[in-house]
Amino acid sequence: MKTEFSLAQLADPDIAQADKILRACVHCGFCTATCPTYVLLGDELDSPRGRIYLIKEMLEKDETPTAEVVKHVDRCLSCLACMTTCPSGVNYMHLVDQARVRIEQRYQRPLTERLLRQVLAFVLPDPRRFRASMWLARLVRPLAMLLPTPRPAATPGLILRLKAMLALAPNRLPTPGPLPGSVFAALGKKRGRVALLQGCAQQVLAPRINQAAISLLTRHGIEVVLVRDEQCCGALTHHLGNDRDALGRARANVTAWQKEAAKEGLDAILVTASGCGTVIKDYGYLLREDAAFAADAAKVSALAKDITEYVAGLGLESKTRLDNIVVAYHSACSLQHGQKITGLPKELLSKNGFVVKDVPESHLCCGSAGTYNILQPELAGRLRDRKVANIASVQPDMIAAGNIGCMVQIASGTSVPVVHTIELLDWATGGSRPALNTSS
């Protein structure tokens, strides 16, 4: 793709990177076939190719983003299916992330939308605030029935978004998991030492996921550390275009993990929420221009691993009779497209006694995508229903996924138990049977 940036514009490292990405695009359109919003809406501007044209024009002209550009960029899930499909290696992730930052900085959203986004950025990354908000949502949810049903609109209104947010709140919250700073000793001979990302929403909604990870790891000789000064990974605010907040969190985490590594060493930083893992693995890129953090951020990115990547090297052995339990494996977008981890989780489940079924249209997003199911509830709901129907077609006993957002989204549309891959692996290798009530 031909670009027309000035020399002055190209002096900006972000614009120089955007220029490189845009020039790689050859307009082939392969990306349209796997883009969820294009599949649903059939609008070229709601495809990666269409958005690339819009972003190119916005950046080249260096103008305030228009409402039309904002509408189509906001509809993007950042699922990255286009990057898996693209034969030219276009790094759409870094391009659309840059567009989101530009929009956040220069576009004046309606007041109600600005307030909602600020609330999400304030509440979701902080486990204490998030827990309090979930209790509040339980009290307010009955009143949602009294809210009028809005008419369909190109951009969802506040009432629809509030109803979607309340619908996602669980009926009850589990007991909190272990505190930051906790260390779990290896059982038997020590084979390694890892930090386990505590997460923000996950530790409130499903602390059992990390508890299963700790159970499996320590049984296999791995010491597990919950780093005391760790923060939210920054993914939530990063995808809202709030890079000041996201990069601040990235710097804080790099500092905390490097400090922990300097004590007794770390073999890996393990992540059980793949949406977080994709961003942490990108810290090296995000902080590449920060002289004080670039080198350490690259080290952290190299240490970051999805939990399935790490446990694959532990020599797991099945110890529990599973009686042909059929598992539909949902491949989270952040795992299959963002981290290119596709077959490994299924192989681990299969080798440890589960009957694993591929889900039709597995490349399509479930509609969770961070805060997407709140900010774009109509599209998210259609994608969820499509995903649930595809899962139902394989008639599973359980659904496995590697990302808390996907788990909550899918569980809201099915009665089939939704659990994390690591919970099943822990169970198969001698741990507890997973709780089967993720939606309650």
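The structure this text deals with has already been given above.
What you see is a predicted model, and the numbers here were worked out from it, not measured in a lab.

(A) Representation of the nonpolar core in the model. Core analysis: the biggest nonpolar cluster contains 77 residues, and Leu-217, Ile-280, Tyr-283, Val-311, Phe-354, Ile-422 and Leu-424 have the highest contact counts within it. No other element matches the six residues that helix 12 (residues 208–219) contributes to this core. Excluding its chain neighbours within four sequence positions, the residues that come into contact with Ile-280 are Leu-197, Cys-233, Trp-257, Val-271, Val-300, Ser-301 and Ala-304. Core analysis: the second largest hydrophobic core is formed by 25 residues, Ile-55, Met-58, Val-70 and Ile-103 among them.

(B) Highlighting the layout of surface pockets. Approximately 600 Å³ is the volume found for the second largest pocket. Lining the second largest pocket are 27 residues, and of these Pro-127, Pro-180, Gln-198, Gly-199 and Gln-203 lie nearest its centre. The set of elements that each furnish at least two residues to the lining of the second largest pocket consists of helix 9 (127–144), helix 11 (201–205) and helix 12. At four residues, the largest contribution of residues to the lining of the second largest pocket is made by helix 9. Of the residues that constitute the lining of the second largest pocket, the class distribution is 13 nonpolar, seven polar and seven charged.

(C) Structural context of the pairing of strand 2 (residues 192–196). Taken across its five residues, strand 2 has five buried, putting it largely inside the fold. The alternating pattern of strand 2 places Gly-192, Val-194 and Leu-196 and Arg-193 and Ala-195 on opposite faces, both of which are buried. Across four bridges, the pairing between strand 2 and strand 3 (residues 222–225) is parallel. Bridge assignment links Val-194 to a residue of strand 3, and that residue is Val-224.

(D) How the structure looks around unusual backbone geometry. Residues other than glycine seldom take positive phi values, yet His-27 does so here, at roughly 65°. Counting through the fold element by element, His-27 comes out in the loop between helix 2 (13–24) and helix 3 (36–41). Residue Asp-62 is not a glycine yet carries a positive backbone phi of 55°. Tracing the backbone shows Asp-62 in the loop between helix 4 (48–61) and helix 5 (67–74).

(E) Spatial organisation of the sheet that holds strand 7 (residues 355–358). Pairing is parallel across the open sheet formed by four strands, whose spatial order is 7-6-8-9. At either margin of the open sheet sits one strand with a lone partner, and together these are strand 7 and strand 9 (418–420). Between one strand axis and the next, the sheet turns by 35° as a mean value, whatever way the strands run. In terms of strand pairing, strand 6 (residues 326–329) meets strand 8 (residues 398–401) through three bridges, oriented parallel. Looking at the pairing, Val-327 lines up with Met-398 of strand 8. Packed onto the sheet, helix 23 (residues 404–411) meets strand 8 and strand 9 and runs at close to 170° relative to strand 9.

How each quantity is defined
Residues numbered from 1 in each chain as written. Predicted model: local features only at pLDDT ≥ 70, side-chain atom pairs only at ≥ 80, totals over all residues. Heavy atoms only, no water. Core = buried A, V, L, I, M, F, W, Y, C linked by side-chain atoms within 4.5 Å. Buried < 20%, exposed > 50% of the residue type's maximum accessible area, 1.4 Å probe, protein only. Helix = DSSP H or I, 4+ residues; strand = E, 2+ residues; numbered from the N terminus. Contact = heavy atoms within 4.5 Å. 1 Å grid on protein atoms, 1.4 Å probe; cavity = no way out; pocket = protein on both sides within 12 Å on 5 of 7 lines; lining within 4 Å. Points joined across faces, edges and corners; volume = space filled by probe spheres on them. Nonpolar A, V, L, I, M, F, W, Y, C, P; charged D, E, K, R; others polar. Pairing = 2+ DSSP bridges. Axes fitted to C-alpha atoms, helices over the stretch in contact; angles between N-to-C directions.

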